[in-house]
Amino acid sequence: MNELRLTVRDTAGIRKVRPVTGGVPIAEGAAPEGSVFALRDDDGKPAPVQTSVLARWRDGSARWVLLDFQANPAADGEQRYVLHWGDSLQPVGPDMPVCSVGGDDVALRSGEVTVSVGGEDLLNLADRFDVVLSLTDGDRAPCEATIESAEIETSGALRSTLSLVGSFRTQTGKRLFQFRLRASAYAGLSLVRLEPLILVDADAGVVQRVHDLWLRLHPRSVAGRTRIGGAPGWDGHADYTEALFQVDDAHYLLEGTLDGEGTKAPGWAELEDADGVAALALRDFWQQWPKALDVSQFGLSVGLLPDFHEGNFAHLEPWYKHQYLFDGDCYRLRTGQARRWDVWVDLNGDGESLAKHANAPLVPVPDPAQALATGVWDE
């Protein structure tokens, strides 16, 4: 039987169309090379799906298949699907597919959402926001993120991903280490997923000192109302910078015109500009402390490695568990380390639901009995 039953469950408590991404197992010999995969919903109606074979059995048949599609289960509910395959199927496509452009002008587009390589900035989102990675080294010198290559890493109708690779360099031209930035666009949705990564591959030295690292979204129009999620949070017109600093996994501080503190911040912020409200959310915000969110007339910023004051973490016990990372008011990163973050942007934003989605994305869950019977885990 060339089919696999799937379930998509919502665990975020929200109801809206969202992307679904995940791998599913296939039994040996069931899907020979050249097989075409298609998806049907519980009513037998064809559903657009994007597939990619991740691994094969020795006979060349598919062993793991990556699925990308979209679902809208009820809040705390589920939707059921059937994945089937053969050599003569004709899968349906989305109404508003993602189009990708390679070569000198690397870009993604679906409807009004565009993601393109920026001029002096790394990326441009819908001619509305410029995306910047901002790093300051241990000597308090600002560093520039220089792009060395840009390519379409994944080209598909449901999801396409643009990948940048480059290096941080000081104003004197000294290279610090490598960065990568992936940006994904989804068919017909206002979502963009940003995955910044640093790879500490400095040309010399074992330990590299970093003062701070930020991902910033600069609006191209005048910013109005801004919000930072939390209880307490911030809601108002940020003439000056308003910030939330997650000190550890149980404590955050509000900084700016309002003083306050809380426990576990949800990790989202919003900004209103001439085109509406845009939202940004970082997955596992409080779990990955220290983290920070800034809002101002200059845009939205998330502190991936936010600046801090010496002594901010002196309360952490036992100290030997934490001292490797902090040195005065800087971070110590060992050569060979890599750090990656998962940031979501909604250009038609609702920060609260975006953070819930980021922390509980939809995934395809294969029927357990069928999955075990495929034999991908051996005995």
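Keep in mind that what you see is a predicted model, and the values were worked out from it rather than measured.

> Give me the lowdown on the nonpolar core, citing residues and values where you can.
Residues Leu-123, Leu-133, Phe-168, Leu-194 and Leu-213 are the most contacted members of the largest nonpolar core, which totals 69 residues. For this core, the leading source of residues is strand 15 (residues 175-186), giving six residues. In this view, Leu-123 contacts Val-115, Ser-116, Val-117, Gly-118, Phe-129, Asp-130, Val-131, Leu-162, Leu-164, Leu-181, Ala-183 and Leu-194; residues no more than four positions away in its chain are not counted. Membership of the second largest hydrophobic core comes to 20 residues, among which are Phe-37, Val-49, Leu-67 and Leu-362.

> Go over unusual backbone geometry with me, naming the residues and quoting the values.
The amide bond that connects Ala-231 to the next residue, Pro-232, takes the cis arrangement and shows omega of 10°. The omega angle of the peptide bond from Glu-317 to Pro-318 is -5°, so this bond is cis rather than trans. Considering the arrangement of structural elements, one finds Pro-318 in the loop between strand 26 (299-305) and strand 27 (326-327). At Asp-76, a position not held by glycine, the phi torsion is positive, near 60°. With respect to the element layout, Asp-76 can be found in the loop between strand 6 (62-71) and strand 7 (78-86). Positive phi, close to 55°, is recorded for Asp-284, a residue that is not glycine.

> Account for the packing of aromatic side chains, naming residues and giving values.
Counted under the stated rule, the structure contains twelve aromatic pairs. Measuring from centroid to centroid gives 5.8 Å for Tyr-186 and Trp-344, while their planes differ by 20°, and the two rings are stacked. Here the residue Tyr-186 occupies a position in strand 15, and Trp-344 occupies one in strand 30 (residues 343-346), the gap between them amounting to 158 residues. For Tyr-186, a relative accessible area of 4% translates into the label buried. Measuring from centroid to centroid gives 6.3 Å for Trp-289 and Phe-313, while their planes differ by 35°, and the two rings are tilted. Here Phe-313 lies in the loop between strand 26 and strand 27 and Trp-289 lies in the loop between strand 24 (276-282) and strand 25 (291-296), a separation of 24 residues in the sequence. With respect to class, Trp-289 is no different from Phe-313; both count as buried. The rings of Trp-289, Phe-308, Phe-313, Phe-326 and Tyr-331 are connected pair by pair, giving a single aromatic cluster. Taking NZ or CZ as reference, Arg-63 lies 4.2 Å from the ring centre of Trp-57, over its face.

> Describe the pattern of salt bridges, and please don't skip the residues or the numbers.
Under the definition given, this model contains 24 salt bridges. Between Arg-159 and Asp-68 there is a salt bridge whose closest N-O contact spans 3.0 Å. Here the residue Arg-159 occupies a position in strand 14 (residues 159-170), and Asp-68 occupies one in strand 6, the gap between them amounting to 91 residues. Here Arg-159 and Asp-68 have matching classes, each one buried. In this structure, the salt-bridge partner of Glu-195 is Arg-340, at a minimum N-O distance of 2.5 Å. Here Glu-195 is found in strand 16 (residues 191-199), whereas its partner Arg-340 is found in strand 29 (residues 338-340), with 145 residues between them in sequence. Residue Arg-340 is classed as partly exposed on the basis of its relative accessible area of 42%. One connected set of salt bridges, linked through shared partners, spans Arg-193, Glu-195, Arg-283, Arg-340 and Asp-342.

Thresholds applied
Residues numbered from 1 in each chain as written. Predicted model: local features only at pLDDT ≥ 70, side-chain atom pairs only at ≥ 80, totals over all residues. Heavy atoms only, no water. Core = buried A, V, L, I, M, F, W, Y, C linked by side-chain atoms within 4.5 Å. Buried < 20%, exposed > 50% of the residue type's maximum accessible area, 1.4 Å probe, protein only. Helix = DSSP H or I, 4+ residues; strand = E, 2+ residues; numbered from the N terminus. Contact = heavy atoms within 4.5 Å. Phe/Tyr/Trp six-rings, centres within 6.5 Å; stacked < 30°, edge-to-face > 60°. Lys NZ or Arg CZ within 6 Å of the ring centre and 35° of its normal. Salt bridge = Lys/Arg side-chain N within 4 Å of Asp/Glu carboxyl O.

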